[in-house]
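Coordinate inspection notes
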Amino acid sequence: MKKVYTCFCTDVIHEGHRNIIHEAGKYGEVIVGVLSDEAMIRFNRFPTVSFEERMQIVKDIGEVSQVMVQNDVMYDRVVREIRPDYVIHGDNWLEGPMKAIRDNVASLLSTYGGQIIDVPYTCNERVKTIDDRIKAKLAMPEYRRKRLRQLIEIRPIVKAIEVHSGITGLIAEKTIVEHQGELDQFDAMWISSLCDSTAKGKPDIELVDMTSRFRTIDDVTEVTTKPIIFDGDTGGQTEHFVYTVRTLEKMGVSAVIIEDKTGLKKNSLFGTEVEQTQDSIEGFSAKIAAGKKAQLTDDFMIIARIESLILERGMEDALNRAQAFVSAGADGIMIHSRKKSPAEIIEFCDRFREEDKNTPIVVVPSSFNSITEAELADHGVNIVIYANQLTRSAFPAMQKTAEDILRYHRAQEVDSRLLPIKDIITLIDEI
Ligand code: SPV
Ligand code: MG
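Structural notes, computed from the coordinates.

About the thresholds
Residues numbered from 1 in each chain as written. Chains lettered and ligands numbered in written order. Predicted model: local features only at pLDDT ≥ 70, side-chain atom pairs only at ≥ 80, totals over all residues. Heavy atoms only, no water. Helix = DSSP H or I, 4+ residues; strand = E, 2+ residues; numbered from the N terminus. Rg over C-alpha atoms; globule rule 2.2 N^0.38 Å. Buried < 20%, exposed > 50% of the residue type's maximum accessible area, 1.4 Å probe, protein only. Contact = heavy atoms within 4.5 Å. Areas by Shrake-Rupley, 256 points an atom, 1.4 Å probe, with all protein chains shown as cover. Lys, Arg positive; Asp, Glu negative; His and termini not counted. Charge placed at Lys NZ, Arg CZ, Asp CG, Glu CD. Donors = N, O, S within 2.8 Å, 3.2 Å for Na, K, Ca; no water. Expected span 1.5 Å × (residues − 1). Arc of directions from axis to C-beta. Polar contact = N/O pair within 3.5 Å; in protein donor to acceptor, adjacent residues only side chain to side chain. Phe/Tyr/Trp six-rings, centres within 6.5 Å; stacked < 30°, edge-to-face > 60°. Lys NZ or Arg CZ within 6 Å of the ring centre and 35° of its normal. Pairing = 2+ DSSP bridges. Axes fitted to C-alpha atoms, helices over the stretch in contact; angles between N-to-C directions. Near = heavy atom within 4 Å. Nonpolar A, V, L, I, M, F, W, Y, C, P; charged D, E, K, R; others polar. Core = buried A, V, L, I, M, F, W, Y, C linked by side-chain atoms within 4.5 Å.

Let's talk about the overall build of the protein
Scanning the protein from terminus to terminus reveals 18 helices and 17 strands. The globule rule puts the C-alpha radius of gyration for 431 residues at 22 Å, and the 24 Å found for the protein is close to it. Its C-alpha atoms put the protein at 75 × 60 × 40 Å along the principal axes. Here the protein holds 431 residues, and the buried ones make up 50% of them. Put simply, 74% of the contacts in the protein that link residues at least 6 apart link residues at least 24 apart. Carbon and sulfur atoms make up 53% of the accessible area of the protein, which amounts to about 20700 Å² in all. Computed over 54 positive and 69 negative side-chain charges, the inter-centroid distance for the protein is 2 Å.

Next up, the structure:
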């Protein structure tokens, strides 16, 4: 009997999957791989049911003779282990980032004469409705909120990108790339105070009020499913912060990061060039404790951001504060630096990890941008935030377009740099 292999990364079995199984059965014994959660997150979306349930729904299909775990998006291990005569898949992998997976399978099968079967991808209203429902579930506050904690458990390092609108949210949500045989995407979104303020043409001094910041969150949550880390600046008055915590939780935000500054907050990347006041350990610990007491779910995280390195108060001060803020109830520590070299961040992480193996560490490598995600993970970092790169890339592009239209008195010269009209009108999904 010939072996026919297919891999499923789905929470439900719909007619498209049944069609694949049916076609597979015509060629031999059907073996189905279920993609592990970790692999699924990298190239598809977060599962809405547990891995065990996903295994079970495949086992329950009568025509399936064997179910196995597929731990990687690429098929190397699977093909080595079972040497399938055929690998069957929907023909949607003939283009886009998934083509890399098909290429991987084709090259593996070619070594012993195995074959790929591409079946027409089932794309109809019924399948689309199922897909929309799964996305809608992922976007619901109770599912979205807990996902950051889940990702910290699963991912070697959680990657967040800055968003400040529906459209930047869509970029964070949908961008997936293939690079050197690996598929990857962002895990989470960062609602930066700098970029949220900049998008409104305002300075990053807590001038854009919370109600307006919540509107930005609304715009983002309307069109995305990924978890949100909110830049809460100083958290404001403790009496106000407790309300902010409740609202963020209600909106399905996973974490707020507040920084240990007080008075008029300026952006950290100014460092000591402007006057900035660091809060006392006692004052900031009390704010964290009040926030933790106010929160209603176990999912929500309050992350304490330490500004000692930014304000040149030294490593010992940063480490003391980290310990104190964790004792006060912080669910994570963000350590910031504006040095070009990552040395002080690495030292902090290594020394913090000597004492504390578990509390998540967050970093924002805007200045120390040479360090890779893998290096950060090696030093115990759990979350990396790309805090402003989308805004900084859009601004020069828009400015140049505006200048060139003025320069040439028409728009023809800029057109080749623009998103085609067809793409912009089809960019937004309709329900
Ligand atoms: C932000 O993105 O608003 C931040 C990070 O707080 S930084 O701008 O580096 O201070
Ligand atoms: Mg900020």
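Examining the coordination of the magnesium ion (ligand 2)
Within the first shell, the magnesium ion (ligand 2) binds the protein through Ser193 (OG) and Asp231 (OD), at distances of 2.1 to 2.2 Å. In this pair, Ser193 sits in helix H10 (residues 193-199) while Asp231 sits in strand S10 (residues 228-231), placing the two residues 38 residues apart along the sequence.

With respect to helix H11 (residues 210-223)
Taking 1.5 Å of rise per residue, the 14 residues of H11 would be expected to cover 20 Å, and the 21 Å separating its terminal C-alpha atoms lies within 8% of that figure. Among all positions in H11, only Arg213, Phe214, Thr216, Ile217, Val220 and Thr221 are buried. Considered in projection along H11, the buried side chains sweep an arc of 150° and stay on one side of the axis. Turned more than 90 degrees off the buried face of H11, the exposed positions are Thr211 and Glu222. Here the buried face of H11 lies against helix H7 (141-145), strand S9 (188-191), H10, S10 and helix H12 (238-251). Measuring from the backbone nitrogen of Thr211 back to the side-chain oxygen at the start of H11 gives 3.2 Å, which picks out Asp209 as the cap.

With respect to the packing of aromatic side chains
This model, assessed by the stated rule, comprises six aromatic pairs. Arranged with centres 5.0 Å apart and planes meeting at 55°, the rings of Tyr27 and Tyr86 form a pair that is tilted. One end of the pair, Tyr27, is in the loop between helix H1 (15-25) and strand S2 (29-35); the other, Tyr86, is in strand S4 (residues 86-90), and 59 residues separate them in sequence. Ring centres 6.3 Å apart and planes at 50° place the aromatic pair Tyr75 and Trp93 in the tilted group. Placement of the pair is Tyr75 in the loop between strand S3 (64-70) and helix H4 (76-82) and Trp93 in the loop between S4 and helix H5 (99-110), with a sequence separation of 18 residues. Trp93 shares its class with Tyr75; the two are buried. Pairwise contacts between aromatic rings join Tyr5, Tyr75 and Trp93 into one cluster. When the ring centre of Tyr112 is taken as reference, the NZ or CZ atom of Arg83 above it lies at 4.1 Å.

Some thoughts on the sheet that holds strand S11 (residues 255-259)
Reading around the circumference, S6-S9-S10-S11-S14-S15-S16-S17 is the order of the eight strands in this closed barrel, with parallel pairing throughout. Across the sheet, the mean angle from the axis of one strand to that of its neighbour is 25°, orientation sign disregarded. Bridge analysis of strand S15 (residues 332-335) against strand S16 (residues 361-363) gives three bridges, and the strand direction is parallel. Considered in S16, the bridge of Met334 is made with Val362. Here helix H13 (residues 281-294) sits on the sheet and contacts S11 and strand S14 (301-306); the angle it forms with S14, its principal contact strand, is near 170°.

Topic: the site of ligand 1
Around ligand 1, the neighbouring residues are Trp190, Ser192, Ser193, Leu194, Asp231, Asn267, Ser268, Leu269, Arg305, His336 and Ala387. In the environment of ligand 1, an oxygen atom lies 3.1 Å from a nitrogen or oxygen atom belonging to the side chain of Ser193. Classifying every residue of the shell around ligand 1 gives four nonpolar, five polar and two charged.

Overview of the sheet that holds strand S5 (residues 115-119)
Pairing is parallel across the open sheet formed by five strands, whose spatial order is S3-S2-S1-S4-S5. Bordering the open sheet on either side are S3 and S5, each of which pairs with just one other strand. Sheet twist, expressed as the mean angle between neighbouring strand axes with direction ignored, is 25°. Across six bridges, S2 lies against S3 in parallel orientation. Paired with Leu35 across the bridge in S3 is Gln70.

Looking at the nonpolar core
Formed by 46 residues in total, the largest nonpolar core has its most connected members in Ile217, Ile335 and Phe348. Per element, the largest residue contribution to this core is five residues, and it comes from helix H14 (residues 315-327). Among all residues touching Ile335, those that are not within four sequence positions of it are Ile306, Leu309, Ala318, Ile345, Phe348, Ile361, Val362 and Val363. Among the nonpolar cores identified, the runner-up in size contains 24 residues, and Cys7, Met68, Val87 and Leu108 belong to it.

Let's talk about the environment of Val64
Mapping Val64 onto the fold places it in strand S3. Measuring from C-alpha to C-alpha, the distance between Val64 and Ile21 comes to 7.5 Å, with 43 residues separating the pair along the chain. Val64 has contacts with Ile21, Val30, Val32 and Val58, leaving out every residue within four places of it along the chain.

Some words on the environment of Phe395
Among the structural elements, Phe395 can be located in helix H17 (residues 389-408). Judged by relative accessible area, Phe395 falls into the partly exposed class, the value being 49%. Placed 257 residues apart in sequence, Phe395 and Leu138 show a C-alpha to C-alpha distance of 31 Å.

Thoughts on the side chain of His14
Looking at the element boundaries, His14 is found in the loop between strand S1 (3-8) and H1. Within the structure, His14 has its side chain in polar contact with the backbone nitrogen of Gly16 (distance 3.0 Å). What His14 contacts, discounting residues up to four positions off in sequence, is Val127 and Ile130.

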